[in-house]
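Each chain, letter by letter, is given below.
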Amino acid sequence: MKGVLPVFRRSIRESWRSVIGWSLGIAAVLLLYLPLYPSFGASGQLEDIIKALPTQLIETLGYDQIATGAGYAQSTFYGLMGFLLLTIAAVLWGSAAIAGAEESGRLELDLAHGIGRAQYAAESTIAVLVRLLWLGALSGAIVYALNEPAELGIHPPHIAGAALALTGLAFLSATVGLLAGALTGRKAWATGAAAAVAVLGYVFQAVARQSDDLEWLNALSPYAWVYRQPPLKDGVDAGGLLLVWGVAVALAAASALALTRRDLRG
């Protein structure tokens, strides 16, 4: 392999179809949900629906602010569907980047052509990050474009913060997959670890909302780090945002170190 950033360039080149597919999925979800807000919000139907639901369910799903435009966008997309879509993409890309390449034999072949292990891990991480940044930026651009037509009333800078929070959560899951793949060389383990972080993070914050005695679970939940303060309503919590991105970067560095110190599976 020749040229600058060969692993990164190949990864981007080979994944453009999947990026388009995920982009269309995100756009479809946003165009389906957000334009419905004026009819629901103005008529008071959302408030009636919330009043009919059990309080614990409302707290678990984060629907307590859904009657406002910012709360509606947060609950339907950033806190649920968008989080689900970007997490799935991150898990798939992160687990395939190192573990998938090792299982297919591509990793060993690339290393035999003069690419260092740390370089391979770093370029793979950057390729995953660029794709996730694109999806996060696309979602933010669509929300911004629909902000006025859908009468959401979101302060524009808050959209950027929410997009960074969502992308950071997805990247954190991806780096867990990268690290697990670098440690084990097994895609199943990488996929399971990456998915577990996302699922447990969501579950921990949901359980923490049920009781003050369980609020300590928020400290273990990346989801709570960035969403405990509603980013579209109050602006993203800077400390939580830095923590999510900092942990993700640390995991990415650990994956490069792990790959350099392990014998590849034959």
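Below or above, wherever it landed, is the structure these notes cover.

Scoring rules and cut-offs
Residues numbered from 1 in each chain as written. Predicted model: local features only at pLDDT ≥ 70, side-chain atom pairs only at ≥ 80, totals over all residues. Heavy atoms only, no water. 1 Å grid on protein atoms, 1.4 Å probe; cavity = no way out; pocket = protein on both sides within 12 Å on 5 of 7 lines; lining within 4 Å. Points joined across faces, edges and corners; volume = space filled by probe spheres on them. Helix = DSSP H or I, 4+ residues; strand = E, 2+ residues; numbered from the N terminus. Nonpolar A, V, L, I, M, F, W, Y, C, P; charged D, E, K, R; others polar. Expected span 1.5 Å × (residues − 1). Buried < 20%, exposed > 50% of the residue type's maximum accessible area, 1.4 Å probe, protein only. Axes fitted to C-alpha atoms, helices over the stretch in contact; angles between N-to-C directions. Parallel < 35°, antiparallel > 145°, perpendicular 65-115°, else oblique. Left-handed = near helix turned anticlockwise from the far one by under 90°. Contact = heavy atoms within 4.5 Å. Core = buried A, V, L, I, M, F, W, Y, C linked by side-chain atoms within 4.5 Å. Phe/Tyr/Trp six-rings, centres within 6.5 Å; stacked < 30°, edge-to-face > 60°. Polar contact = N/O pair within 3.5 Å; in protein donor to acceptor, adjacent residues only side chain to side chain.

1. Some details on empty space enclosed by the protein
Step number 1: Per the stated rule, a full pass over the model turns up one cavity of 30 Å³ or more.
Step number 2: Lining of the largest cavity is provided by Phe-83, Leu-169, Leu-172, Ser-173, Val-197, Ala-198, Gly-201, Tyr-202, Pro-222 and Tyr-223.
Step number 3: Contributions of two or more residues to the lining of the largest cavity are made by α9 (156-184), α10 (187-208) and α11 (222-227).
Step number 4: Here the element with the most residues in the lining of the largest cavity is α10; it accounts for four residues.
Step number 5: For the lining of the largest cavity, a count of residues per class yields eight nonpolar, two polar and no charged.

2. Quick word on unusual backbone geometry
Step number 1: At Leu-5, a residue that is not glycine, the phi angle is positive and equals roughly 50 degrees.
Step number 2: By secondary structure assignment, the location of Leu-5 is in the segment before α1 (6-14).

3. Details of the layout of surface pockets
Step number 1: Computed from the structure, the second largest pocket encloses a volume of approximately 330 Å³.
Step number 2: Lining the second largest pocket are 19 residues, with Ser-11, Glu-14, Ala-96, Ala-97 and Arg-106 sitting closest to its centre.
Step number 3: Elements that contribute at least two residues to the lining of the second largest pocket include exactly α1, α6 (69-104) and α8 (117-147).
Step number 4: Considering each element in turn, the lining of the second largest pocket owes the most residues, seven residues, to α6.

4. Focus: α9
Step number 1: Across its 29 residues, α9 extends 43 Å between first and last C-alpha, which sits within 8% of the 42 Å expected from 1.5 Å per residue.
Step number 2: The buried count for α9 comes to 23 of 29 residues, which makes it a mostly enclosed element.
Step number 3: Gly-185 sits one or two residues past α9 and shows a positive phi near 75 degrees.

5. Re the packing of helix α2 (residues 16-33) against α6
Step number 1: Following both chains from N to C, one finds α2 and α6 inclined at 170 degrees, their axes separated by 11 Å at the closest point. Taken together, the axis directions place α2 and α6 in an arrangement best described as roughly antiparallel. Between α2 and α6 lies a crossing whose hand is right-handed. Residues Ser-18, Val-19, Trp-22, Gly-25, Ile-26, Val-29, Leu-30 and Tyr-33 of α2 pack against Tyr-72, Thr-76, Phe-77, Met-81, Leu-85, Leu-86, Ile-88, Ala-89, Leu-92 and Trp-93 of α6.
Step number 2: Along the lines of polarity and charge, the residues of the contact of α2 with α6 split into 15 nonpolar, three polar and no charged.

6. Here's the deal with the nonpolar core
Step number 1: Leu-34, Tyr-78, Trp-93, Leu-132, Ile-154, Tyr-227 and Leu-232 are the most contacted members of the largest nonpolar core, which totals 67 residues.
Step number 2: Listing elements by their share of this core, those giving two or more residues are α2, α6, α7 (106-112), α8, α9, α10, α11 and α13 (238-260).
Step number 3: In terms of residue count, α6 provides more of this core than any other element does, 14 residues in total.

7. Points about the packing of aromatic side chains
Step number 1: Under the counting rule described, the total for this entry stands at seven aromatic pairs.
Step number 2: Measuring from centroid to centroid gives 5.1 Å for Phe-77 and Tyr-78, while their planes differ by 85 degrees, and the two rings are edge-to-face.
Step number 3: Overall, the relative accessible area of 2% leaves Phe-77 in the buried class.
Step number 4: With a centroid separation of 5.6 Å and an interplanar angle of 35 degrees, the aromatic rings of Phe-171 and Trp-245 are classed as tilted. Linking Phe-171 in helix α9 with Trp-245 in helix α13, this pair joins segments that are 74 residues apart in sequence.

8. Points about the side chain of Ser-95
Step number 1: Relative to the helices and strands, Ser-95 is located in helix α6.
Step number 2: At 2.8 Å, the side chain of Ser-95 forms a polar contact with the backbone oxygen of Val-91.
Step number 3: If near-sequence neighbours (up to four positions away) are discounted, Ser-95 is found in contact with Gly-100, Gly-177, Lys-187, Ala-190 and Thr-191.

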